[in-house]
Amino acid sequence: MRQPNIKVIIPAFNEQNAVGMVIDEIPKELVSEIIVIDNGSTDNTFAQAQSRGATALREEKRGYGNACLCGMQHIAGQVDDLPDIVVFLDGDHSDYPEEMYELVQPIIDGKADLVIGSRALGKKEKGSMTPQQIFGNWLATTLLRWFYGVQFTDLGPFRAVKYESLLRINMQDKTYGWTVEMQLKAAKLGMQTTEVPVNYRQRIGVSKVSGTVKGTFGAGYKILWTIFRYL
């Protein structure tokens, strides 16, 4: 069987101290391209990504979803090099990129269209997730089970998806609803979904979401709004 073409999308906002480490730890023999989207940073995130050999793009419209959509648009333009699998990974060094092997294996084995790296099933470093993050994940995944009949334990950003499935999902969210939109739409479309345990550590720097009251409430509201929007 041929080696699958795997591309990685990393949204990054002011991650100059972390994004280089993330890129360095991605198994290069597994992926064909690492795409870092500088989402309006005011530091040297873009230069750090370039210096590590990643494809560095700029998306000035702030928002996690905007950055991911920018990466997808870049991939869509490579008509002679479309991937089989797309991996999404945060640029703050909280995930373990070397666990990408386990993340993509269910897709390679033909057992899944979408694989979520579950921090709830893996080992979390003390302080890596705030109580409000843990509660928010529990609430969102409970609502997904009630309303969409799908079993998830996490909305983890470290995830892998078949490229053809990603196109079918037709992602729209521009901000914090991105992860839950992907999961609920996959369920509505009857796609095969699964989770693999991933470990989680304290991020480098302060979170733009859970590190502020405004970010926490904004993300929570958008996630709940997205869940009810697609009912």
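Above this text is the structure in question.
Residues numbered from 1 in each chain as written. Predicted model: local features only at pLDDT ≥ 70, side-chain atom pairs only at ≥ 80, totals over all residues. Heavy atoms only, no water.

The strand order across the open sheet built from 7 strands is 3-2-1-4-6-5-7, with neighbouring strands paired in mixed fashion. The open sheet has two free edges, formed respectively by strand 3 (55-58) and strand 7 (193-197), since each of these has just one partner strand. Between one strand axis and the next, the sheet turns by 20° as a mean value, whatever way the strands run. Examined bridge by bridge, strand 2 (residues 33-38) and strand 3 share 4 bridges and lie parallel to one another. What sits directly across from V36, in strand 3, is A56. Sheet contacts for helix 7 (residues 178-188): strand 4 (85-88), strand 5 (114-118), strand 6 (159-162) and strand 7; angle to strand 5, the most-contacted strand, approximately 135°. (Pairing = 2+ DSSP bridges. Helix = DSSP H or I, 4+ residues; strand = E, 2+ residues; numbered from the N terminus. Axes fitted to C-alpha atoms, helices over the stretch in contact; angles between N-to-C directions. Contact = heavy atoms within 4.5 Å.)

Overall, the coordinates contain 3 aromatic pairs when judged by the stated rule. Considering the side-chain rings of F135 and W138, the 5.8 Å spacing of their centres and the 35° angle between planes classify their relative orientation as tilted. Taken together, the positions of F135 and W138, both in helix 5 (residues 131-148) and 3 residues apart, correspond to about one turn of that helix. Its relative accessible area of 51% is what places W138 among the exposed residues. Residue placement shows R58 over the ring face of F46; its charged tip is 3.6 Å from the ring centre. (Phe/Tyr/Trp six-rings, centres within 6.5 Å; stacked < 30°, edge-to-face > 60°. Buried < 20%, exposed > 50% of the residue type's maximum accessible area, 1.4 Å probe, protein only. Lys NZ or Arg CZ within 6 Å of the ring centre and 35° of its normal.)

Side chains on a regular strand alternate between the two faces of the sheet. Buried residues dominate strand 2, accounting for 6 of its 6 residues. Pairing of strand 1 (residues 6-12) with strand 2, which is carried by 6 bridges, proceeds in the parallel orientation. Following the sheet pairing, P11 is matched in strand 2 by I37. Taken together, strand 1, helix 1 (residues 19-25) and strand 2 form a β-α-β motif whose crossover is right-handed. Taking the sense of rotation as the criterion, the β-α-β connection linking strand 2, helix 2 (residues 45-51) and strand 3 turns out right-handed. (Right-handed = clockwise from strand over helix to strand, strands pointing away.)

One finds I9, V86, F88, L144, L166, M182 and I227 to be the most contacted residues of the largest nonpolar core, which totals 34 residues. Those elements that provide at least two residues to this core are strand 2, helix 3 (64-76), strand 4, strand 5, helix 5, helix 6 (163-169), helix 7 and helix 8 (213-229). The residues touching L166, leaving out its near neighbours within four places in the chain, are M72, V86, F88, V161, M171 and M182. Among the nonpolar cores identified, the runner-up in size contains 29 residues, and A12, I23, V36 and V198 belong to it. (Core = buried A, V, L, I, M, F, W, Y, C linked by side-chain atoms within 4.5 Å.)

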